[in-house]
Amino acid sequence: MPKAISFSKGSIIFFSGDKDERIFILQKGMVILTSTDVETGSPVTEYVREGEFFGVKSALGRFPREETATVVADTVAVSMTVSEFEKLFSNNKQLIMKMLRVFSNQLRSVHKKTEMILSKGQEINIQIGLASVAQSFYAEEQYRSCCDICLKYLKLYPTSPEKEQIAKLYKNSKLHMDKMSQRAASTDSQDFYVAGSGSVFALPAFARFAKTYEPGSVIISEYEPGETFYLIQSGSVQLVKCVNGSRKNLDILRAGELFGEMAILENSPRSATCVAIDRVEVLEFNKENFEVLITGNPQIALILLKLFCKRIYDQKRRLKVLVISDTMARIADVFVMLDEMNPPVNPNEKTRRFNLTVSDISHWAGLPVETVREEVSRFAERRKIEVFDNYIVVNNIMDMKRTADSRRS
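A quick note: this is a predicted structure, and the numbers were derived from the prediction, not measured.

(A) Geometry of the sheet that holds strand 8 (residues 218–220). Spatial ordering of the open sheet is given by 8-13-10-11, a layout of four strands whose pairing is antiparallel. Every other strand in the sheet has two partners, leaving strand 8 and strand 11 (246–253) as the edge strands with one partner each. With strand direction ignored, the average angle separating the axes of adjacent strands in the sheet is 35°. Where strand 8 lies against strand 13 (residues 273–276), two bridges are found, and the strand directions are antiparallel. Each bridged residue has a counterpart across the sheet, and for Ile220 the counterpart in strand 13 is Cys274. The strands that helix 5 (residues 143–156) touches are strand 8 and strand 13; relative to strand 8, the one it contacts most, it runs at about 40°.

(B) Quick look at the nonpolar core. The biggest cluster of nonpolar side chains holds 39 residues, and the ones touching the most others in it are Phe85, Leu304 and Leu305. Looking at this core, the element that brings in the most residues is helix 8 (residues 298–322), giving 10 residues. Look past the residues within four positions of Leu304 in its chain and what remains in contact with it is Leu100, Phe229, Leu231, Leu258 and Phe290. Within the second largest apolar cluster, 25 residues are counted, among which are Val321, Ile331, Ile392 and Ile397.

(C) View of helix 12 (residues 397–407). Burial in helix 12 covers these residues: Ile397, Met400, Thr403 and Ala404. On an axial view of helix 12, the arc spanned by its buried residues comes to 115°, and they lie on one face. In this structure, the buried side of helix 12 is in contact with helix 9 (327–341), strand 15 (352–354), helix 11 (369–381), strand 16 (385–387) and strand 17 (392–394).

(D) A look at the pattern of salt bridges. Summed over all chains, the structure comprises 23 salt bridges. The closest approach of N and O atoms between Arg317 and Glu340, which form a salt bridge, is 2.7 Å. Of this pair, Arg317 sits in helix 8 while Glu340 sits in helix 9, and the two are 23 residues apart along the sequence. You can call Arg317 buried: its relative accessible area is 6%. For Glu340, a relative accessible area of 38% translates into the label partly exposed. Two residues, Glu370 and Arg373, come together in a salt bridge whose shortest N-O distance is 2.5 Å. Separated by three residues within a single helix, Glu370 and Arg373 lie in helix 11, roughly one turn from each other. Relative accessible area serves as the criterion here: at 37%, Arg373 is assigned to the partly exposed category. Because the salt bridges share partners, they merge into one network encompassing Asp20, Arg22 and Arg65.

(E) Seen up close, the side chain of Thr70. Mapped onto the elements of the fold, Thr70 is located in strand 6 (residues 68–80). Taking the relative accessible area as the measure of exposure, Thr70 reaches 18% and is therefore buried. Setting aside its immediate chain neighbours within four residues, Thr70 contacts Ser11, Ile12, Met30, Val31 and Ile32.

(F) Molecular detail of the side chain of Ser58. Examined against the element boundaries, Ser58 turns out to sit in helix 1 (residues 56–61). Accessibility expressed as a relative area gives 3% for Ser58, which makes it buried. In this structure Ser58 touches Phe63, Pro64 and Arg65, once residues within four positions along its chain are discounted.

(G) Layout of the packing of aromatic side chains. By the definition in use, this model includes 14 aromatic pairs. Measuring from ring centre to ring centre gives 4.3 Å for Phe63 and Tyr313, while their planes differ by 15°; the resulting arrangement is stacked. In this pair, Phe63 is assigned in the loop between helix 1 and strand 6 and Tyr313 in helix 8, connecting sequence segments 250 residues apart. Given a relative accessible area of 6%, Phe63 falls into the buried group. The positively charged end of Arg65 is found above the aromatic ring belonging to Phe14, 4.0 Å away from the centroid. Taking the ring centre of Tyr391 as reference, the NZ or CZ of Arg353 above it sits at 3.6 Å.

(H) Region of interest: the pairing of strand 13. Side chains Thr273 and Val275 project from strand 13 onto one buried face, and the interleaved Cys274 and Ala276 project onto a second face that is buried too. Across four bridges, strand 10 (residues 237–243) lies against strand 13 in antiparallel orientation. Note on strand 13: the bridge partner recorded for Leu239 is Cys274.

(I) Structural detail: the environment of Lys152. Assignment of secondary structure puts Lys152 in helix 5. Overall, the relative accessible area of 19% leaves Lys152 in the buried class. Separated by 122 residues in the primary sequence, Lys152 and Met30 place their C-alpha atoms 51 Å from one another.

(J) Structural detail: the packing of helix 8 against helix 9. Orientation of helix 8 relative to helix 9, taken along the N-to-C sense of each, is 165°, at an axis distance of 9 Å. Relative to helix 9, the element helix 8 lies roughly antiparallel. Crossing geometry of helix 8 relative to helix 9 is assigned as right-handed. On helix 9, the residues that touch Asp314, Arg317, Arg318, Lys320, Val321 and Leu322 of helix 8 are Arg330, Asp333, Val334, Val336, Met337, Glu340 and Met341.

Calculation criteria
- Residues numbered from 1 in each chain as written.
- Predicted model: local features only at pLDDT ≥ 70, side-chain atom pairs only at ≥ 80, totals over all residues.
- Heavy atoms only, no water.
- Pairing = 2+ DSSP bridges.
- Helix = DSSP H or I, 4+ residues; strand = E, 2+ residues; numbered from the N terminus.
- Axes fitted to C-alpha atoms, helices over the stretch in contact; angles between N-to-C directions.
- Contact = heavy atoms within 4.5 Å.
- Core = buried A, V, L, I, M, F, W, Y, C linked by side-chain atoms within 4.5 Å.
- Buried < 20%, exposed > 50% of the residue type's maximum accessible area, 1.4 Å probe, protein only.
- Arc of directions from axis to C-beta.
- Salt bridge = Lys/Arg side-chain N within 4 Å of Asp/Glu carboxyl O.
- Phe/Tyr/Trp six-rings, centres within 6.5 Å; stacked < 30°, edge-to-face > 60°.
- Lys NZ or Arg CZ within 6 Å of the ring centre and 35° of its normal.
- Parallel < 35°, antiparallel > 145°, perpendicular 65-115°, else oblique.
- Left-handed = near helix turned anticlockwise from the far one by under 90°.

Just geometry here; none of it tells us what the structure is for.
Laid out in structure tokens, this is it:
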């Protein structure tokens, strides 16, 4: 059962880095949360007001605390476990929606910082941006994706002075696509499941929201209006950002993850392009039926809340890689990040195999492929890694962590 705990002035409720799955409500007193800005390294301070929750993200997302909670006046806080939080507040639609909006804003803020680093601070017109996304896919011979984006452009901007150019781009892409043999790709069917969800999205009631996308299909495009969001049931989806005419990988999502989720809470253009890597099965929701869904199935909102928490943490970790100026440290930190996101069964295991290529590292690190290839060669020459066609073996992941930490700016 939740319990009220008294804290004296100057005491610490939890430290940054702690693995603590408690959620707190400030009953009376004053608490400040201090953390470090990932991009600038500057301290960030947030005051918790009476009646507010704190420690929610790390508890629901099951990751280490990101901030230190310090008591600045004698305080009473109610402490509860995640399961107690779910039992008490799963039917409180207003509270859950408020938390979703708060976390949505936080996620968009991290996305924005990531985009600014990848685009070197450049901003672009939405209509021009969508055209440039289509061009970037054509330049990299991703013709199916180019066709999809051209069709989106022509639908959104039927009177655009650039419509003939986009129509021609579509025609050329279609010709290339028809000439190329359709690459067969299949993945084992994988039911959507999130811990504690009871496979709620596998219920027959959700069948009408099901959609299937073939490899290379663009599910949503950067710059188009956001009206729907998606939950992946099977397959994998690549999140891509178009920067200066080339594509940068933001993330790869798999079964059980969501994308386009900010569309349910905000009216803003898409911040990335989402492409089906293989055959992808998703559930598609919009703002209207989302409200109906959570009213009748409050556990869905809790599941989304947990997914938001995980996405915020993952995107902050990605941003942490991108702000490193030293290229060797940045690449080393890519391996460290992937190790953290996919920990081994044996925590003492030092040798790690990662199913990625030099191109993949380039995407994660936000660096040119040639730069990454040179640094990877140096790592290989020093026998820190072994490079194969489709995977890379890191001989000592702790050594990579030391490299990232010692050279981090």
